[in-house]
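# Structure at a glance
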Amino acid sequence: MSQQQQLVNLFLSLLLLSFKTTSSFSLGSRSILRAIIDDNDNKNGKVVDLQPHDYAVDLNATNFDAVLRDTPATFAVVEFFAHWCPACRNYKPHYERVARLFNGPHAVHPGIILMTRVDCALKINTKLCDKFSVGHYPMLFWAPPPKFVSGGWEPKQEKSEIRVIDDPRTADRLLNWINKQMGSSFGLDDEKFENENLSSNVSDPEQIARAVYDVEEATSTAFDFILEHKMIKSETRASIIKFLQLLVAHHPSRRCRKGSAEVLVNFDDLCPIDMGSTNRQESTYGKEGALGNIQICGKDVPRGYWMFCRGSKKETRGFSCGLWVLLHSLSVRIEDGESQFAFTAICEFVHDFFICEECRQHFYEMCSSVSSPFNKTRDFALWLWSAHNKVNERLIKEEASLGTADPKFPKMVWPPKQLCSSCHLSQSQRNNGINWDQDEVFKFLTNYYGKMLVSIYKDKNDRGNDVSGRSGRALEDLVVSTNAVVVPLGAALAIAVASCAFGALACYWRSQQKSRKPRKSWN
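## Considering the state of the cysteines
Under the definition given, this model contains five disulfides. A sulfur-sulfur distance of 2.1 Å marks the disulfide that ties Cys120 to Cys129. Here Cys120 and Cys129 share a disulfide; its torsion about the S-S bond, -95°, makes the bridge left-handed. Overall, Cys129 belongs to the buried group, its relative accessible area being 5%. With a sulfur-sulfur separation of 2.0 Å, Cys256 is cross-linked through a disulfide to Cys297. On the sign convention where negative means left-handed, the S-S torsion of about 115° between Cys256 and Cys297 marks this disulfide as right-handed. Of this pair, Cys256 sits in helix α10 (residues 254-265) while Cys297 sits in the loop between α12 (278-285) and α13 (319-333), placing them 41 residues apart in sequence. Note on Cys88: no disulfide assigned, nearest cysteine sulfur contributed by Cys85 at a separation of 3.1 Å.

## Structural notes on the layout of surface pockets
Unfilled space is identified by rolling a water-sized probe across the atoms. Of the pockets and cavities examined, the largest pocket occupies roughly 1300 Å³. Surrounding the largest pocket, 49 residues form its lining, Ser320, Cys321, Trp324, Leu395 and Lys411 being those nearest its centre. Sorting the residues of the lining of the largest pocket by element identifies α13, α15 (357-368), α16 (377-402) and α17 (438-451) as the ones contributing at least two each. Residue classes in the lining of the largest pocket are distributed as 29 nonpolar, 11 polar and nine charged.

## Quick word on the environment of Glu399
In this fold, Glu399 is placed in helix α16. Taking the C-alpha atoms as reference, Glu399 lies 9.1 Å from Pro410; in sequence the two are 11 residues apart. Apart from the residues lying within four places of it in its own chain, the contact partners of Glu399 are Thr404, Ala405 and Lys411. For Glu399, the side chain forms a polar contact with the side chain of Lys411, separated by 3.4 Å.

## Focus: the sheet that holds strand β3 (residues 113-119)
Taken together, five strands build an open sheet; the order of strands is β1-β3-β2-β4-β5 and the sheet is mixed. Every other strand in the sheet has two partners, leaving β1 (57-59) and β5 (163-164) as the edge strands with one partner each. Bridge count for strand β2 (residues 75-81) against strand β4 (residues 139-143) is five bridges, and the pairing is antiparallel. When the sheet's bridge partners are listed, Ala76 is paired in β4 with Ala143. Packing of helix α4 (residues 86-102) onto the sheet brings it into contact with β2, β3 and β4, and relative to β3 it is tilted by some 155°.

## With respect to the pairing of β3
Counting buried positions along β3 yields seven of seven residues, so the element is predominantly enclosed. A two-sided burial pattern is seen for β3, the buried positions comprising Ile113, Met115, Arg117 and Asp119 on one face and Leu114, Thr116 and Val118 on the other. Examined bridge by bridge, β2 and β3 share seven bridges and lie parallel to one another. Bridged to Phe80 within β3 is Val118.

## Describing the packing of helix α9 (residues 237-250) against α13
Contact geometry for α9 and α13: axes closest at 10 Å, N-to-C directions at 70°. Comparing the axis directions of α9 and α13 gives the class roughly perpendicular. Crossing hand, α9 versus α13: left-handed. In this structure, α9 contributes Phe243, Leu246, Leu247 and His250 to the contact, and α13 contributes Leu326, Leu327, Leu330 and Arg333.

## Some words on the environment of Ile208
Following the sequence through the fold, Ile208 ends up in the loop between α7 (171-182) and α8 (211-228). Measuring from C-alpha to C-alpha, the distance between Ile208 and Met307 comes to 9.7 Å, with 99 residues separating the pair along the chain.

## Structural notes on the side chain of Thr221
Relative to the helices and strands, Thr221 is located in helix α8. Apart from the residues within four sequence positions on either side, Thr221 is in contact with Pro302, Trp306 and Phe319.

## So, the nonpolar core
By size, the foremost hydrophobic cluster in this structure holds 81 residues, and its most contacted members are Ile208, Val325, Phe363, Trp383, Leu445 and Tyr448. Setting aside anything within four residues of it in sequence, one finds Trp383 in contact with Phe343, Cys347, Phe363, Met366, Cys367, Val370 and Phe374.

## Things to note about the packing of α16 against α17
Packing of α16 against α17 leaves a shortest axis separation of 10 Å and a crossing angle of 90°. When the axis of α16 is compared with that of α17, the two are roughly perpendicular. Facing Thr377, Arg378, Ala381, Leu382 and Trp385 of α16, the residues of α17 in contact are Gln438, Asp439, Val441, Phe442 and Leu445. Its residues assigned to classes, the contact of α16 with α17 comprises six nonpolar, two polar and two charged.

Parameters and conventions
- Residues numbered from 1 in each chain as written.
- Predicted model: local features only at pLDDT ≥ 70, side-chain atom pairs only at ≥ 80, totals over all residues.
- Heavy atoms only, no water.
- Disulfide = S-S within 2.5 Å.
- Buried < 20%, exposed > 50% of the residue type's maximum accessible area, 1.4 Å probe, protein only.
- Helix = DSSP H or I, 4+ residues; strand = E, 2+ residues; numbered from the N terminus.
- 1 Å grid on protein atoms, 1.4 Å probe; cavity = no way out; pocket = protein on both sides within 12 Å on 5 of 7 lines; lining within 4 Å.
- Points joined across faces, edges and corners; volume = space filled by probe spheres on them.
- Nonpolar A, V, L, I, M, F, W, Y, C, P; charged D, E, K, R; others polar.
- Contact = heavy atoms within 4.5 Å.
- Polar contact = N/O pair within 3.5 Å; in protein donor to acceptor, adjacent residues only side chain to side chain.
- Pairing = 2+ DSSP bridges.
- Axes fitted to C-alpha atoms, helices over the stretch in contact; angles between N-to-C directions.
- Parallel < 35°, antiparallel > 145°, perpendicular 65-115°, else oblique.
- Left-handed = near helix turned anticlockwise from the far one by under 90°.
- Core = buried A, V, L, I, M, F, W, Y, C linked by side-chain atoms within 4.5 Å.

Here it is as structure tokens:
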């Protein structure tokens, strides 16, 4: 191994060390928000609620704060009960009927309310139940999830955002109480993709904040596809490495950056160069293989559902929407000097690993038509935006002729005036029928896919501003992004900024670079 490669691996190892020492990882949505659905209850693709199932999430003193801190849900219900209590046992089927609507990958209305329970009869939960002044069983509380973290409730407490649900004795009464709080019309008989309360993304720019969960979902799903179809081969190793380098530096989710760094620093062991032999592929891709347990965004992702990218039909939006949001986010987070590398990494990734053949070919044709390298973030971000509109134009025509469009989320030339009126100058026969103010478009892209995409975590932090420093670090897992560029010098600079302990190493790297002849790229 060359001295340069050893130094690069050392940088990545130190970067991983900084991830591990500054973040705490906890039980998450995938492991705890799963619904147990028997084959007999899942006929015709619908969940039949004839038998009680454990849809509600069981919490205890060890995971209470972590789960409520990390959930993407807007609200949470916590039921305090005792397993020996007959009334609690009789109430459980009612509670589960409501939990079925909101919890798990098969939830009818996912990502809105997290339904949980705590068994106060267990000694481990005694102090936790005391903090919430649990005086009878069952006792239900309602609040934004961050308010429960390191929190509590007192009967005479004024102006508390944690509220007692005063009439939850049946599933109907509990759901009616929830509907009154939210101004919603959820029903116990709702089924997935029926009676949807989905809001259009067109007129509310703040909805993009919910897409950061979909970016994690899309990243994890993409790598699941790659592993399932055994797509990492000798000829595709270079493109996956470039894309991982881009994710390590600029993915909007810190836990995805951490997972990408773990894969990248161990890549030669996980994906040896001689991937051609059957035995080698089995040892790499098999259930017990090196890649079998990769969790690029953590063990709780994929969660099994979409939020911002959820369509009104099962087969619409979802993964493709989440992947586009990821690519746009990357395009506005890079530095000027990385724009050509990002362009190459994304084009090669789509060409080698996107399994929709027509879409893959169309995107790569647009990549191949670029004749000069990108030197500015602005230029690359606008190229990707234009490419996305060309894809939408093609799909608008195809979906109109075949009747396959999502009626609630039709494809459109983007952004519409409702989201960015200053982006539109006038109607024209050119440029997708619109004269664009590209300076305004770039400003919009930078804000929409940059600041607004991660703003939901800042809002959560504001709602839970009494939360401990540990919670703050967890928020950083999703929000804080390095300014590291993909080339080694940029990585060294980013590490030096992140930790003074890396300063000497960064200086050494810079001195080594100065003694060498400049290279055109790190490709």
